[in-house]
Amino acid sequence: MNEAHIKLQALKTYLRELGKVAIAFSGGVDSTFLLMVAHQELGAEVLAITARSGMFPEKEMNEAKMFAADNNIRHLVREIDELSIEGFARNPVNRCYLCKKTLFAMFKETAAANGYVHLAEGSNVDDDNDYRPGMLAIKELKVLSPLKAVGLTKTEIRALSKEMGLPTWEKPSFACLASRFPYGENITREKLKAIDESEQLLFSLGFKQVRVRHHGNLARIEVAPGEMDKLLTQDVREAVCDGIKKAGFTYITVDIQGYRTGSMNETIGK
């Protein structure tokens, strides 16, 4: 048994000891893996809770709903308007904390109303390597992080997800659309729509890992380094320029460092 499988067994034990748990379920790699392991161990004693939000494309919501339905997992959807959270739209460096505090408080309330004492979420140990102020809110609200508790990494979660036949095993990482803005730049519905339309365009052209960062009237595109050549071919470049300008941007640039998590955090402390 390799290290990943040892951690998986520890995760199963952890979940069985809870007996009953609600899972904050986004439909991403980590929360899908956690939800499926919990479902396998606890059956009907698992509840998935997802937020419908303007910070995530509706496509993500539809995939989460389909996964829960296909696996007969009880699934509740709650609505949240992050722009109504005090201070969020001003995009301070603790924006993620403000959001997570409201979001997970709502999830805990939903869990309790349905008879669940424990609420868990899908952070893994690699998440400690980036600036994530939302983790403080999770700690304050006493939300459980089982994947982190047993030491699972993102690579291990993907490998185990593939073994389990989960459709998310190679799903690109995704962060809320608010992460596309430099800290201090106001977030509006119009700007979020421009980002969403621009990224969906790139996905429709076959790109796997994409971010479109919002810098006023300039869109900064990040794609995986291995997809950079494709982006710069004439037909694709013209389609990208046309589509992103239609989405509302005036200027378009490509970040030659390529996609990387937390690129908007690079200015913190400078």
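Right above here is the structure, for reference.
Residues numbered from 1 in each chain as written. Predicted model: local features only at pLDDT ≥ 70, side-chain atom pairs only at ≥ 80, totals over all residues. Heavy atoms only, no water.

Chemist: Please provide a residue-by-residue account of the overall build of the chain, values included.
Modeler: Assigned secondary structure in the chain consists of 10 helices and seven strands. Its C-alpha atoms give the chain a radius of gyration of 19 Å, near enough to 18 Å, the size a compact globule of 270 residues would have. Principal axes of the C-alpha set define a box for the chain whose edges measure 55 × 40 × 35 Å. Here the chain holds 270 residues, and 47% of them are scored as buried. Long-range pairs, those at least 24 residues apart, make up 71% of the contacts in the chain with a sequence separation of at least 6. In the structure as shown, the chain presents an accessible area of about 12900 Å², 53% of it carried by carbon and sulfur atoms. Positive and negative side-chain charges of the chain, numbering 36 and 36 respectively, have mean locations separated by a distance of 2 Å. (Helix = DSSP H or I, 4+ residues; strand = E, 2+ residues; numbered from the N terminus. Rg over C-alpha atoms; globule rule 2.2 N^0.38 Å. Buried < 20%, exposed > 50% of the residue type's maximum accessible area, 1.4 Å probe, protein only. Contact = heavy atoms within 4.5 Å. Areas by Shrake-Rupley, 256 points an atom, 1.4 Å probe, with all protein chains shown as cover. Lys, Arg positive; Asp, Glu negative; His and termini not counted. Charge placed at Lys NZ, Arg CZ, Asp CG, Glu CD.)

Chemist: For unusual backbone geometry, give the residues involved together with the corresponding values.
Modeler: Positive phi, close to 55°, is recorded for Asn 72, a residue that is not glycine. Mapped onto the secondary structure, Asn 72 falls in the loop between helix H3 (58–70) and strand E3 (74–80). Taking the relative accessible area as the measure of exposure, Asn 72 reaches 69% and is therefore exposed.

Chemist: I'd love a proper account of the environment of Leu 160, names of residues and values included.
Modeler: Inspection of the secondary structure puts Leu 160 in helix H7 (residues 154–164). Once residues within four sequence positions are removed from consideration, Leu 160 is found in contact with Ala 4, His 5, Leu 8, Phe 33 and Leu 152.

Chemist: Can you tell me about the environment of Phe 88, naming the residues and giving the values?
Modeler: Following the sequence through the fold, Phe 88 ends up in the loop between E3 and helix H4 (95–113). Judged by its relative accessible area of 1%, Phe 88 falls in the buried class. Expressed as a C-alpha distance, the spacing of Phe 88 and Leu 42, which sit 46 residues apart in the sequence, is 37 Å. Discounting residues that sit within four places of it in the chain, Phe 88 has contacts with Met 55, Glu 82, Leu 83, Arg 95, Leu 98, Cys 99, Ala 178 and Ile 187.

Chemist: Lay out the sheet that holds strand E5 (residues 210–215) with the relevant residues and their values.
Modeler: Strand order in this open sheet of three strands is E5-E6-E7, and the pairing throughout is mixed. The open sheet terminates on both sides in strands that have one partner only, identified here as E5 and strand E7 (251–254). Taking each pair of neighbouring strands and ignoring which way they run, the sheet shows an average axis angle of 25°. Sheet strands touched by helix H8 (residues 189–204): E5 and strand E6 (218–223). Its angle to E5, the strand with the most contacts, is close to 150°. Where helix H10 (residues 234–246) meets the sheet, it contacts E6 and E7, and its direction lies at approximately 130° from that of E7. (Pairing = 2+ DSSP bridges. Axes fitted to C-alpha atoms, helices over the stretch in contact; angles between N-to-C directions.)

Chemist: Describe the state of the cysteines, naming the residues involved and giving the relevant values.
Modeler: Chemically, a disulfide is nothing more than a covalent bond linking the sulfur atoms of two cysteines. Taken as a whole, this structure holds zero disulfides when the rule is applied. For Cys 96, which is in no disulfide, the shortest distance to another cysteine sulfur is to Cys 99 and amounts to 6.5 Å. (Disulfide = S-S within 2.5 Å.)

Chemist: Tell me about H3, and please be specific about residues and values.
Modeler: Helix length check: H3, at 13 residues, gives a terminal C-alpha distance of 18 Å against a target of 18 Å (1.5 Å per residue), a fit within 8%. Summarising the contacts, the buried residues of H3 are in contact with helix H2 (29–42), strand E2 (46–53) and E3. Following H3 by one or two positions, Asn 72 adopts a phi angle in the positive range, close to 55°. (Expected span 1.5 Å × (residues − 1).)

Chemist: Please give an account of the packing of helix H1 (residues 3–18) against H7 that cites residues and values.
Modeler: For any two helices packed against each other, the geometry is given by the interaxial angle and the distance between the axes. Where H1 contacts H7, the two axes come as close as 10 Å, and the packing angle between them is 80°. One element, H1, and the other, H7, form an angle in the roughly perpendicular class. Counting all contacts with H1, which are made through Glu 3, Ala 4, His 5, Lys 7 and Leu 8, the residues of H7 involved are Glu 156, Leu 160 and Glu 163. Looking at side-chain class alone, the contact of H1 with H7 contains three nonpolar, one polar and four charged residues. (Parallel < 35°, antiparallel > 145°, perpendicular 65-115°, else oblique. Nonpolar A, V, L, I, M, F, W, Y, C, P; charged D, E, K, R; others polar.)

Chemist: Give a detailed account of the packing of aromatic side chains, specifying residues and quantitative values.
Modeler: On inspection of all chains with the given rule, the structure shows three aromatic pairs. Seen from their ring centres, Phe 104 and Phe 107 are 5.7 Å apart, and the 80° between their planes marks the pair as edge-to-face. Here Phe 104 pairs with Phe 107, and both are found in helix H4, just three residues apart, close to one helical turn. Phe 107 gets classed as buried once you look at its relative accessible area, which sits at 4%. Above the face of the Tyr 116 ring, Lys 20 is positioned so that its terminal group lies 4.8 Å from the ring centre. A cation sits over an aromatic face here: Lys 230 above Phe 207, 4.7 Å from the ring centre. (Phe/Tyr/Trp six-rings, centres within 6.5 Å; stacked < 30°, edge-to-face > 60°. Lys NZ or Arg CZ within 6 Å of the ring centre and 35° of its normal.)

Shape descriptors only; they carry no functional weight alone.
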